[in-house]
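Here's the letter readout for the chains.
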Amino acid sequence: LQCAVGTHTGGTSCPPCPSGESTLTPGSPSASSCVPLCTGGRFSNSSVNAAGLGLEPCFLCPLGTYQSSPGATSCLLCERGTYSGSNKGAMVCQSCPSGTTLTEGSIMQGECVQACSAGSAGLLGVLNCSLCPVGSFSAIAGSAECTPCPPGESNTGPGSTSCSVYCSQGHFSPTGFEPSCQICPA
């Protein structure tokens, strides 16, 4: 009887390993062949079974990374706007209280920086922020560049978060834009 990975020979059947454990290869002879999977915050690239799961011995995820899934063979970089904290073996990355981080893989909350506000843009969306010029906009905070207004649209000043449609010919408004356009008097 050839038992699959994650099971072991048990007479005439292949009972599964206990929860959180697996075998390294198919055809494992007994329950003692079951080995613990790496838990969250840990990974194994040296003991990987035929199903691709990481088994003990396991290593803590390095700073700036995390792993929430058991049986991992690698850790994931903390995304921009998050950090791992000062201890290895993070299961999740913590969100910046406000703003973002300059790169993936941040470690400390001190790496969180204030993002450019909506209506402005800067390098990586956080450095040297400046207002979007007339004729362009940024709708969200953290923009790396301003978006040009579509043809037939503009805005009234720098730092805009949207564009508006010009009043059509023969119409006017105090701003020159819809929706408050009125027909010009005769």
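Everything below is about the structure shown above.
1. Quick notes on the overall build of the chain
Part 1: When helices and strands are counted, the chain shows zero helices and 18 strands.
Part 2: Scaling as 2.2 N^0.38, a compact globule of 186 residues should have a C-alpha radius of gyration of about 16 Å, whereas the chain reaches 28 Å, well beyond that.
Part 3: For the chain, the spread of C-alpha atoms along the principal axes amounts to about 100 × 40 × 20 Å.
Part 4: Of all 186 residues assigned to the chain, the portion counted as buried reaches 34%.
Part 5: Residue pairs at least 24 apart in sequence account for 25% of intrachain contacts in the chain once pairs closer than 6 positions are excluded.
Part 6: In the form shown here, the chain has an accessible surface area of approximately 10,300 Å², with 58% of it arising from carbon and sulfur atoms.

2. Digging into a nonpolar patch on the surface
Part 1: On the surface, a nonpolar cluster with roughly 320 Å² of combined accessible area is contributed by Leu-102, Leu-123, Leu-124 and Leu-127.
Part 2: Among the secondary structure elements, Leu-102 is positioned in the loop between β9 (100-101) and β10 (112-113).
Part 3: We classify Leu-102 as partly exposed; its relative accessible area is 33%.

3. Considering the environment of Thr-73
Part 1: Here Thr-73 shows up in the loop between β5 (65-66) and β6 (76-77).
Part 2: Those residues in contact with Thr-73, other than ones at most four positions away along the chain, are Phe-43, Ser-44, Asn-45, Val-48, Gly-52, Leu-53 and Gly-54.

4. Section: the environment of Cys-184
Part 1: When you line up the elements, Cys-184 lands in the segment after β18 (182-183).
Part 2: For the pair Cys-184 and Ser-154, spaced 30 residues apart in the sequence, the C-alpha separation amounts to 21 Å.
Part 3: In this view, Cys-184 contacts Gly-170, His-171 and Phe-172; residues no more than four positions away in its chain are not counted.

5. Observations regarding the state of the cysteines
Part 1: Throughout the structure, instances matching the rule amount to 10 disulfides.
Part 2: Covalently, Cys-3 is tied to Cys-14 through a disulfide, its sulfur atoms 2.1 Å apart. A torsion of -80° about the S-S bond marks the disulfide between Cys-3 and Cys-14 as left-handed. Of this pair, Cys-3 sits in the segment before β1 (21-22) while Cys-14 sits in the segment before β1, placing them 11 residues apart in sequence.
Part 3: A relative accessible area of 1% places Cys-3 in the buried class.
Part 4: The class for Cys-14 is partly exposed, based on a relative accessible area of 28%.
Part 5: Between Cys-149 and Cys-163 runs a disulfide, and the two sulfur atoms are separated by 1.9 Å.

The rules behind these values
- Residues numbered from 1 in each chain as written.
- Predicted model: local features only at pLDDT ≥ 70, side-chain atom pairs only at ≥ 80, totals over all residues.
- Heavy atoms only, no water.
- Helix = DSSP H or I, 4+ residues; strand = E, 2+ residues; numbered from the N terminus.
- Rg over C-alpha atoms; globule rule 2.2 N^0.38 Å.
- Buried < 20%, exposed > 50% of the residue type's maximum accessible area, 1.4 Å probe, protein only.
- Contact = heavy atoms within 4.5 Å.
- Areas by Shrake-Rupley, 256 points an atom, 1.4 Å probe, with all protein chains shown as cover.
- Patch = residues over 30% accessible without salt bridge, like charges linked within 9 Å, V, L, I, M, F, W, Y side chains within 5 Å.
- Salt bridge = Lys/Arg side-chain N within 4 Å of Asp/Glu carboxyl O.
- Disulfide = S-S within 2.5 Å.

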